[in-house]
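Here's the letter readout for the chains.
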Amino acid sequence: MVVLDSLPNANPVARLRAAAGGATGMESALRIVVAQLLDGLEFPATDLQAVAERMNVRLELRRGLPVSAMLTRDDRGFKVICAAEQARGRQRFTIAHELGHAVLETHGLGEPPRSGRAVETLCDRFAAELLMPSSMFERELRDGISLERLISLQRRYGTSLRATSIRCSQMTPMEIYVADSRDLLWTTGNAARYDGFLRSLVARLVDTEQRLVRKVNLIRDGAPCEDWRLEADLLKGSRDVVLLLTPANQPADRDQGRLLGGPSAARDRRAAAATRNSGRQ
Ligand SMILES: [Zn+2]
């Protein structure tokens, strides 16, 4: 939410392209603008304070705010005020989203757009790019995704499980379902797929607390498909269950020659990740 008193009357993508020096296309403009903001900074995780300083935006956490965040302007410039009570990952995404509004405020001609679906969607895309830059995430996902890897990405990038899942699902075939013993809480996939079978798996996992990895036979795009790999586990510190569905033949499975990633597979993945990380310094 943005508290600024004026009317929206311009195309948000056009303003973003102006910020990117006229780049064509929203995605390339996003990458250019974010790359400029992150240039020379160490990440992950993205240092939002440093990025805000580069944009001449002040950050303030405040208790009791009636909204998740807002962008304000006074004689010293822009300020993002963010609700202090939010979980860290959620808070970081909210701040990054408001920094997206600040980009639109400070580029392009005329009055900037400040509300509406197109603006909010663009600022969400900006936040995802700022916290989980495409170029890095594409490298992170070149061997596919597993539950362990997803949680590791979430921790290293300082993002929520949901934002990380959405980002991953934009770049690699996967579906996440998070449910409690009664209901589906959220998904990046198809809520209609959360049927008797997946529901019964969740109930069993809540009972037994036994992580499970198996090949499953589910309908995909209306046709029978037998090559899904399903991982299910309890989310740490809660009774919620997370299910990850991926194509069973993703590179990580093929390369390691095993479908059921036991402790040694996890070690292999960690070693591979450590190698990649050290190579980036
Ligand atoms: Zn917004």
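Residues numbered from 1 in each chain as written. Predicted model: local features only at pLDDT ≥ 70, side-chain atom pairs only at ≥ 80, totals over all residues.

Looking at the pairing of strand β3 (residues 77-83)
In this sheet, β3 lies alongside strand β1 (residues 57-62) in parallel orientation, the contact comprising six bridges. Among the inter-strand pairings, glutamate 60 is bridged to a residue of β3, identified as isoleucine 81. As defined by bridge partners, strand β2 (residues 69-74) adjoins β3 across six bridges and the pair is classed as antiparallel. In the sheet register, threonine 72 faces β3, and the bridge partner there is lysine 79. Linking β2 back to β3 in an antiparallel pair, the connection comprises two residues. (Pairing = 2+ DSSP bridges. Helix = DSSP H or I, 4+ residues; strand = E, 2+ residues; numbered from the N terminus.)

Things to note about the packing of helix α7 (residues 147-157) against helix α8 (residues 161-171)
Orientation of α7 relative to α8, taken along the N-to-C sense of each, is 115 degrees, at an axis distance of 9 Å. In terms of their interaxial angle, α7 and α8 are classed as roughly perpendicular. When you trace α7 past α8, the crossing you get is right-handed. Between α7, through Leu150, Leu153, Gln154 and Tyr157, and α8, the contact on the second element is made entirely by Leu161, Thr164, Ser165 and Cys168. (Axes fitted to C-alpha atoms, helices over the stretch in contact; angles between N-to-C directions. Parallel < 35°, antiparallel > 145°, perpendicular 65-115°, else oblique. Left-handed = near helix turned anticlockwise from the far one by under 90°. Contact = placed C-beta atoms within 7 Å.)

So, the pairing of strand β8 (residues 241-247)
Counting buried residues in β8 gives six out of seven residues, a clear majority hidden from the surface. Bridging between strand β4 (residues 175-179) and β8 involves five bridges; their strand directions are antiparallel. Bridged to isoleucine 176 within β8 is leucine 244. (Buried ≥ 20, exposed ≤ 12 C-beta atoms within 10 Å, placed from the backbone.)

With respect to the sheet that holds β3
Spatially, three strands are ordered β1-β3-β2 in an open sheet, and the strand pairing comes out mixed. Each edge of the open sheet carries a strand with a single partner, namely β1 and β2. With direction set aside, neighbouring strand axes in the sheet form an average angle of 25 degrees. Set on the sheet, helix α4 (residues 88-106) makes contact with β1, β2 and β3; between it and β3 the angle comes to about 155 degrees.

Let's talk about the environment of threonine 24
Looking at the element boundaries, threonine 24 is found in the loop between α1 (12-19) and α2 (26-38). Sequence separation of threonine 24 and valine 13 is 11 residues, and the distance between their C-alpha atoms is 9.8 Å.

Brief notes about the confidence of the model for the chain
With 82% of its residues at a pLDDT of 70 or more, the chain shows a mean pLDDT of 83. The least confident element of the chain is helix α11 (residues 263-279), whose mean pLDDT is 39; the most confident is helix α3 (residues 48-54), at 97. Counted against residues more than four places away or in other chains, residues 1-9, with its pLDDT under 50, gives 24 contacts. Low confidence marks residues 254-281, where pLDDT is under 50. Its contacts with residues over four positions away, or in another chain, come to 19 contacts. (pLDDT = per-residue confidence, 0-100.)

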